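Understanding the architecture of this molecule
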Amino acid sequence: MIRLVGVTKSYTVGDQLVPVLKGIHLEVHPGEFVAVMGPSGSGKSTLMHILGLLDRPTSGDYELNGASVLHLPSNELARLRNQHIGFVFQNFHLIPRMSAVRNVELPMVYAGVPRSKRRARAMELLEMVGMANRAHHLPNELSGGQRQRVAIARALANDPAVLLADEPTGALDQQTGGEILRILQDLHADGRTVMVITHDPRVARAGQRILHMVDGEIVREEVPDEPR
Amino acid sequence: MNLDEMLRMALASLAANKTRAFLTMLGIWIGVASILAIVAIGNGGKALVIGEISGGNQSNVIQIVPRELVAPGLPQPGQVLSIDDSDLAITASFSGVESVNETFYGTAVVQSGDKSDNVTLFAGPADLDRLARFVVVRGHMFTAEDVLSHGNVAVISQSLANKLFGSGNPLGAIITLSGVPLEVIGVAQPEQASLYSLVMGSDNLYIPDTTCEDIFPNWTASEMDVVVQPGVDVQSLANRIVLALNIHAGDPTAFIDSSGLAASVAALVGKVTTILTAVIGAVAGIALLVGGVGVMNIMLVSVTERTQEIGIRVSLGARKRDIVLQFLVESMVITSMGGVAGIATGVVVSAALRALTGIPAFVPWTVGALAFVFSAAIGVVCGLYPAAKAANLHPVDALRYE
Ligand SMILES: Nc1ncnc2c1ncn2[C@@H]1O[C@H](COP(=O)(O)OP(=O)(O)OP(=O)(O)O)[C@@H](O)[C@H]1O
Ligand SMILES: [Mg+2]
């Protein structure tokens, strides 16, 4: 259960205070599939960074599973990112010079999972996203769609309850994007909480709810007509 | 994340940029190698000098010299020296004394045809080669008969032979010393390449003491070499003999046990060498420092280059500690590898030096171990700032960094 109460975020640029999020109220229930849409610069990524514990709100409160996370020490935030949250980015963000399987292993390395178990689990995940035969390829030896599959496998390494995806299909063509969407839908079907930021209405309609953001605010919540 | 994992990660990331890693390592490598080489040369030089000065007297030989000889420079022929037959008799009368030998030395001029050379003249009994520490490499040493018969024979050092005869055969040639012809019967070389021979010059002439007395009737012995019987306390015997000789001479400082003198000179030279080694070592330490700065510089570059990677790692659950350690281990691996290579180079250089020059250069294992620990420590010190910089990046800024 994710709960944001009156979350704001502003940056100081020069001597000017630039508000980016202006009082976000949001609840996401376990197992929900939520899509976020909105024009460029409306604060979607900023919101996701706060949800993913990569950034702190300027004001407001953030509760994860009933407890505020705002005053947790950085080690505890790292543990939550490691165990509880999986990230998928538009630009994949695989670590170059590390093979696909090593990338997938990385969250488990930080979790202290022993090597043999780690490798087995990473292979299992790559299998699941259809990338087992490319396990030892470097990121630059993979296509965009393949990279995103590896990134999803990596996000799932420590079996997080929540998957946060920031424009996961943004850099992919229609068909490849469709494949990635299907994987996300499968993960949702398995009971995971999925939150997807997207500009693609087709992706957004896969959500149970679509949040429309404009200028740092959630202005509208939409329930798509025909869920999947 | 455990250390094993860190090491793998560090090695992988260094392997990704081998040339850079190697060049960075090279700075530490050169620094450590030069420090070790200097310590090795210092130690070897010290051992050589001390061995040379104090090793001159075999442990069972007491060297007694008149005080005048302690003054710098070599005595001129005819300079009044004060070892005479009564001194020899007194010394020989001590129990525990096996034999007493006189040796003469001084400077002289020898001639061969139109060539002449200043030489150091050594005169003594048939075992002068042992007392003056040389070995006859061609021909032979003069014998006890030569000594008895006041034979006009001479052994010359290799360098004197080269000067007088060039590449020709010196054996059987006639040289003149103060107008007296001598037949060259042997060519000698110092027992070991030594500082002593460097200081004393290496143009040496060795003749029987009887012959020397004939040529330079005014010379008296320059040194008394007392061979001590086995099992006798050399030092206390030496003290007693010197005391007896001084009482006989009526001067409490007429004679000196030069073995003791050698020891104190050796100690002084040892100290000087140690200080010199430390000073030059400190200069080499600057090379190491520069190497360390290079490591820090490259680590900073590496942090900047990998800003986005750091952001990704944080998003995957890396703690600050993991990021710090990642970069620290990396810089430690660089400097430790440089250290190991430097130690190996230092050892090889000192071995080569030993083989080529005879200076007993060596790297004590403690210095080697210290060098390793120190180079790893440089890795920590120089990696700390870049690592802290990496760990304190804001995750979002790092992720967005292009
Ligand atoms: N570090 C920063 N300093 C100042 N302003 C920032 C900073 N980071 C983001 N912003 C501003 O915050 C606003 C929202 O950015 P954000 O990345 O959340 O937008 P977005 O909705 O994800 O847009 P897009 O759809 O293009 O990804 C933008 O106007 C951006 O300029
Ligand atoms: Mg965005």
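Relevant structure appears above.
What counts and how
Residues numbered from 1 in each chain as written. Chains lettered and ligands numbered in written order. Predicted model: local features only at pLDDT ≥ 70, side-chain atom pairs only at ≥ 80, totals over all residues. Heavy atoms only, no water. Helix = DSSP H or I, 4+ residues; strand = E, 2+ residues; numbered from the N terminus. Rg over C-alpha atoms; globule rule 2.2 N^0.38 Å. Buried < 20%, exposed > 50% of the residue type's maximum accessible area, 1.4 Å probe, protein only. Areas by Shrake-Rupley, 256 points an atom, 1.4 Å probe, with all protein chains shown as cover. Near = heavy atom within 4 Å. Polar contact = N/O pair within 3.5 Å; in protein donor to acceptor, adjacent residues only side chain to side chain. 1 Å grid on protein atoms, 1.4 Å probe; cavity = no way out; pocket = protein on both sides within 12 Å on 5 of 7 lines; lining within 4 Å. Sits in = over half its atoms within 2 Å of the grid points. Nonpolar A, V, L, I, M, F, W, Y, C, P; charged D, E, K, R; others polar. Axes fitted to C-alpha atoms, helices over the stretch in contact; angles between N-to-C directions. Parallel < 35°, antiparallel > 145°, perpendicular 65-115°, else oblique. Left-handed = near helix turned anticlockwise from the far one by under 90°. Contact = heavy atoms within 4.5 Å. Arc of directions from axis to C-beta. Pairing = 2+ DSSP bridges. Buried area = accessible area lost by both parts, 1.4 Å probe. Salt bridge = Lys/Arg side-chain N within 4 Å of Asp/Glu carboxyl O.

**Thoughts on the overall build of chain A**
Helix and strand counts for chain A stand at seven helices and 10 strands. A compact globule built from 228 residues would reach a C-alpha radius of gyration of about 17 Å, and chain A, at 17 Å, matches this within 12%. Across its three principal axes, chain A shows a C-alpha extent of roughly 50 × 40 × 35 Å. Across the 228 residues that make up chain A, the buried fraction comes to 55%. Carbon together with sulfur atoms contributes 49% to the accessible area of chain A, which is approximately 9,800 Å² in total.

**With respect to the site of ligand 1**
In the neighbourhood of ligand 1, 13 residues make up the surrounding shell, with Ser40(A), Lys44(A), Ser45(A), Thr46(A) and Arg400(B) lying closest. Here an oxygen atom of ligand 1 and a side-chain polar atom of Lys44(A) are 2.7 Å apart. Out of a free accessible area of 640 Å², ligand 1 has 67% covered by protein chains. With respect to the pocket detection grid, ligand 1 is positioned in the second largest pocket. Those elements that provide at least two residues to the shell around ligand 1 are strand E1 (2–13) and helix H1 (44–51) of chain A. Counting residues per element, the shell around ligand 1 draws most heavily on H1(A), which supplies three residues. Here the residues of the shell around ligand 1 sort into three nonpolar, seven polar and three charged.

**With respect to the packing of helix H3 (residues 100–111) of chain A against helix H4 (residues 115–128) of chain A**
All names here are of chain A. Remark: H3 packs on H4, axes separated minimally by 9 Å, with the N-to-C direction vectors making an angle of 125 degrees. Put simply, H3 runs oblique to H4. The hand of the H3/H4 crossing is right-handed. On H4, the residues touching Ala100, Val101, Arg102, Val104, Glu105, Met108 and Val109 of H3 are Arg118, Arg119, Arg121, Ala122, Met123, Leu125 and Leu126.

**Remarks on unusual backbone geometry**
Residues and elements named next belong to chain A. Notably, Phe92 is not glycine yet its phi reads approximately 65 degrees, a positive angle. With respect to the helices and strands, Phe92 occurs in the loop between strand E6 (85–88) and H3. The phi dihedral of Asp215 is positive, around 55 degrees, even though this residue is not glycine. Mapped onto the secondary structure, Asp215 falls in the loop between strand E9 (209–214) and strand E10 (217–222).

**Looking at helix H6 (residues 158–165) of chain B**
Residues and elements named next belong to chain B. When H6 is considered as a whole, its buried residues turn out to be Leu160, Ala161, Leu164 and Phe165. Down the axis of H6, the sector holding all buried residues measures 100 degrees, keeping them to one side. Packed against the buried residues of H6 are strand E2 (97–112), strand E3 (115–124), strand E5 (153–157), strand E6 (174–177), strand E7 (180–190) and strand E8 (204–208). Immediately downstream of H6, the backbone of Gly166 shows phi near 60 degrees, a positive value.

**Focus on the sheet that holds E6(A)**
Residue and element names in this part refer to chain A. Taken in spatial order, the six strands line up as E6-E7-E8-E3-E9-E10 in an open sheet, and their pairing is mixed. The sheet terminates laterally at E6 and E10, the two strands that pair on one side only. For this sheet, the mean angle separating the axes of adjacent strands, direction not counted, is 20 degrees. With five bridges joining them, E9 and E10 adopt antiparallel strand pairing. Bridge pairing in E10 links Ile210 to Glu222. Helix H5 (residues 144–155) contacts E6 and strand E7 (162–166) of the sheet and is inclined by roughly 170 degrees relative to E6.

**A short note on the interface of chain B and chain A**
Across the contact, 24 residues belong to chain B and 25 residues belong to chain A. Contact between chain B and chain A buries roughly 2,300 Å² in total, counting both sides, with carbon and sulfur atoms accounting for 58%. Viewed at the interface, chain A and chain B are joined by four salt bridges. Summed over the shared surface of chain B and chain A, the result is six residue pairs in polar contact (both at pLDDT 80 or more). At the level of elements, helix H1 (3–15), helix H11 (307–315), helix H12 (320–357) and helix H14 (395–400) of chain B are the ones that each hand at least two residues to the side of chain B that touches chain A. Per-element tally for the side of chain B that touches chain A: the top contributor is H11(B), with six residues.

**Quick notes on the pairing of E3(B)**
Residues and elements named next belong to chain B. Taking burial as the measure, the 10 residues of E3 include seven buried ones, the bulk of the element. Here E2 folds back onto E3, and the loop between the two strands holds two residues, one of which, Gly113, carries a positive phi near 60 degrees. As paired elements, E3 and E8 share five bridges and run parallel to each other. Along E8, the bridge assignment pairs Leu121 with Leu205.

**Things to note about the sheet that holds strand E4 (residues 59–64) of chain A**
Residue and element names in this part refer to chain A. Overall, antiparallel pairing links the four strands, which are arranged E2-E1-E4-E5 in an open sheet. Every interior strand has two partners, whereas the edge strands, strand E2 (16–28) and strand E5 (67–68), have only one. As paired strands, E1 and E4 are joined by five bridges and run antiparallel to one another. By the bridge assignment, Thr8 is partnered in E4 with Ser59. In the packing of H1 onto the sheet, the strands contacted are E1, E2 and E4, and the crossing angle to E1 comes to about 120 degrees.

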